[in-house]
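A structural walkthrough
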Amino acid sequence: MPPRTRFAPSPTGYLHIGSVRTALYAWLYARRHGGEYILRIEDTDRERSTQEAVDAILNGLDWLGLDADEGPIYQTQRFGRYREVLDRLLEQDKAYRCYCTREEIDAMRAAAMDKGEKPRYDGRCRSGDRVRGDVEPVVRFKNPLSGEVVLDDLVKGRIVFDNAELDDLIIARSDGTPTYNFTVVVDDADMRITHVIRGDDHVNNTPRQINMFRALGVEPPAYAHLPMIHGPDGAKLSKRHGAVNVLEYRAMGFLPQALLNYLLRLGWSHGDQEIFTLEEMQRLFDLDKVSRSAASFDPMKLLWVNQQHIQAAPEEQLVGLLRGQLEAQGVDPASGPPLELTVEALRERSQTILEMAEQAHCYYEEYEELDEKSAKAHLRPVAREVLVDLREAFGALDDWSESATQQVVERVAEGRGVKLGKVAQPLRVALTGRAASPGIGVTLVLVGKARTLERIDRALRYVDSRGQ
RNA sequence: GCUCCCUUCGUCUAGCGGUCUAGGACGCCGCCCUCUCAAGGCGGAAACACGAGUUCGAGUCUCGUAGGGAGCGCCA
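Attention in this report is confined to the structure presented alongside it. The model shown is predicted, which means the values in this text are computed figures rather than measured ones. (Residues numbered from 1 in each chain as written. Chains lettered and ligands numbered in written order. Predicted model: local features only at pLDDT ≥ 70, side-chain atom pairs only at ≥ 80, totals over all residues. Heavy atoms only, no water.)

What follows deals with a positive patch on the surface. Among the surface-exposed residues, Arg380, Lys419, Lys422 and Arg466 lie close enough to one another that they form a single positively charged patch. Position of lysine 422 relative to the elements: it lies in helix α17 (residues 420–432). Relative accessible area serves as the criterion here: at 57%, lysine 422 is assigned to the exposed category. (Patch = residues over 30% accessible without salt bridge, like charges linked within 9 Å, V, L, I, M, F, W, Y side chains within 5 Å. Areas by Shrake-Rupley, 256 points an atom, 1.4 Å probe, with all protein chains shown as cover. Salt bridge = Lys/Arg side-chain N within 4 Å of Asp/Glu carboxyl O. Lys, Arg positive; Asp, Glu negative; His and termini not counted. Charge placed at Lys NZ, Arg CZ, Asp CG, Glu CD. Helix = DSSP H or I, 4+ residues; strand = E, 2+ residues; numbered from the N terminus. Buried < 20%, exposed > 50% of the residue type's maximum accessible area, 1.4 Å probe, protein only.)

If you want it as structure tokens, here you go:
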């Protein structure tokens, strides 16, 4: 039977980087085994769920290419169904109304803590004889009082829970709306989910959910609980550690396949392989290689993975991304060399598309000012005659190709009896405003003849002004 | 406090009783290449949390200790 997995975020904020890994694993597992992956929006908390959050989640998943076979399914659309199941449970005496007030519950918890026990509901309404009219009751699930629940987790192995440790959890609020632990069971059952892949902050909920499946007469799915992702300092991953919102990674110029690759490797391995194509991820992923311990998010390695993918990405993808990034920065991509050229020149020296765009600026518009350190080091009075030679030779050059321009630079160096670096570096600073760029021939092509001449003049003015 | 989980270089990890003087990757350091920056190549420093036990033999199995994490909501 092909597996059916699901990703079930609650729309109370942006799409978190940790959630994305969960989604990725669920998606990959379905793809790997020829199954289906379903997206379900868990919006039963109407106080906190927002449309903006739903959009952010949808946009994020769309950007990453984690396409769902079914959904998005909204839980708020299924209230009728939950009501139906709830009534059935009530009729079958597998759930009951609880008339305890919040004050009573609080006192109960405090007392349990005092006795050194786990704070839990003591089941005082379980027998159904505390009915009263002045309190809108909640509905609680009748958890078995004894015995144990065995969870054979696909990543953590066997975990045994004692039913005596579990209390009767609320499955419907006093306003009648269902709660998470109930809707998740009804949905996973109705949607015939075979593998629940989720964060391991849910392990402690699992035994109660399994009990509910049994109460419903449905075989529980298999579970795979993924360890958490921590920040570089080992603490819970938060904004302090950089972006946790996936959409920010798009803005920062990360490739979706790179982010996926990094997240995939954070907690899963395939021998020594670090870089995976989308195709390889789908072919190679499986739950048995998922690590059991929490991992720390390392932004430096993400950068490296992104760079690897930039080097491997199809040119069209990079051109599209660079165009978008330049436009976002107010630079007109049409006012310089073809983007293909720029991409090929910069892809090996860019860790992000944002970085690539910053390096590309000077090929599309005048650079603001010379980098001070670079100018001081290379635009010295001794460079003057070299720049003059270059100005003259370039002015007479018609074949503005990489090889032809490169030859001009070499000839000037020979003519003056200096090393290539003594010519290329001042020229590079003149052309780009800084001391680092692609090879000098490529840089000349990117800048173009007209701008080259202008910028050499500009550099000469700088040298002169400096000499005084 | 109670329940559950986790523990190999700083970080991600390989390791599924002998092949481990513990391998790879990021980062770091050095060298090479070189017109700069990258990329690439070569080399280096860097780890089995601790203690018992099982076994001829333990990073690998068991138990304890320590440390870390999660959960204990009319949140999901």
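On to a negative patch on the surface, then. Negative charge collects at one region of the surface, where Glu365, Glu368, Glu369 and Asp371 lie side by side. Examined against the element boundaries, glutamate 365 turns out to sit in the loop between α13 (353–364) and α14 (372–378).

Let us now look at unusual backbone geometry. One non-glycine residue with positive phi stands out, namely aspartate 93, at about 65 degrees. On the basis of relative accessible area, aspartate 93 is assigned to the partly exposed category, the value being 46%. Backbone geometry places arginine 192, a non-glycine residue, at a positive phi of 55 degrees. As for its position among the elements, arginine 192 is in the loop between α5 (180–190) and β9 (195–199).

Quick look at the pairing of strand β6 (residues 148–153) now. The side chains of a regular strand alternate between both faces of the sheet. Where burial is concerned, the two faces of β6 differ: the one with Val149, Leu151 and Asp153 is buried and the one with Glu148, Val150 and Asp152 is not. Bridging between β6 and strand β7 (residues 157–162) involves 6 bridges; their strand directions are antiparallel. Within the sheet, the bridge partner assigned to aspartate 153 lies in β7 and is glycine 157. The antiparallel hairpin formed by β6 and β7 contains 3 residues in its connecting segment. (Pairing = 2+ DSSP bridges.)

We now examine the environment of tyrosine 121. Inspection of the secondary structure puts tyrosine 121 in the loop between α4 (102–114) and β5 (138–141). If we skip the residues at most four places from it in the chain, tyrosine 121 touches Tyr96, Cys98, Cys100, Ile105, Met108, Arg140, Asp167 and Asp168. A distance of 3.1 Å separates a polar side-chain atom of tyrosine 121 from the backbone nitrogen of cysteine 125. (Contact = heavy atoms within 4.5 Å. Polar contact = N/O pair within 3.5 Å; in protein donor to acceptor, adjacent residues only side chain to side chain.)

What follows covers the side chain of threonine 183. Tracing the backbone shows threonine 183 in helix α5. At 3.1 Å, the side chain of threonine 183 and the backbone oxygen of tyrosine 180 are in polar contact. If we ignore the near neighbours within four places in the chain, the residues touching threonine 183 are Thr44, Gln75, Tyr82 and Pro178.

This part covers the protein's contact with RNA strand B. Every one of the 62 residues lining RNA strand B counts as a neighbour, but Arg109, Arg173, Glu348, Arg349 and Ser437 are closest to it. Atoms of RNA strand B within 4 Å of the protein belong to the sugar or the phosphate in 69% of instances, the rest to bases. One nitrogen or oxygen atom from the main chain of glycine 267 is found 2.6 Å from a phosphate oxygen belonging to RNA strand B. Side-chain polar atom of glutamine 425 to a sugar or linking oxygen of RNA strand B: 2.9 Å apart, as the coordinates give it. For the surface near RNA strand B, the secondary structure elements donating two or more residues are α4, α5, β12 (295–296), α10 (299–312) and α17. A class-by-class count of the residues in the surface near RNA strand B yields 17 nonpolar, 23 polar and 22 charged. (Near = heavy atom within 4 Å. Nonpolar A, V, L, I, M, F, W, Y, C, P; charged D, E, K, R; others polar.)

Read these as spatial facts, not as claims about activity.
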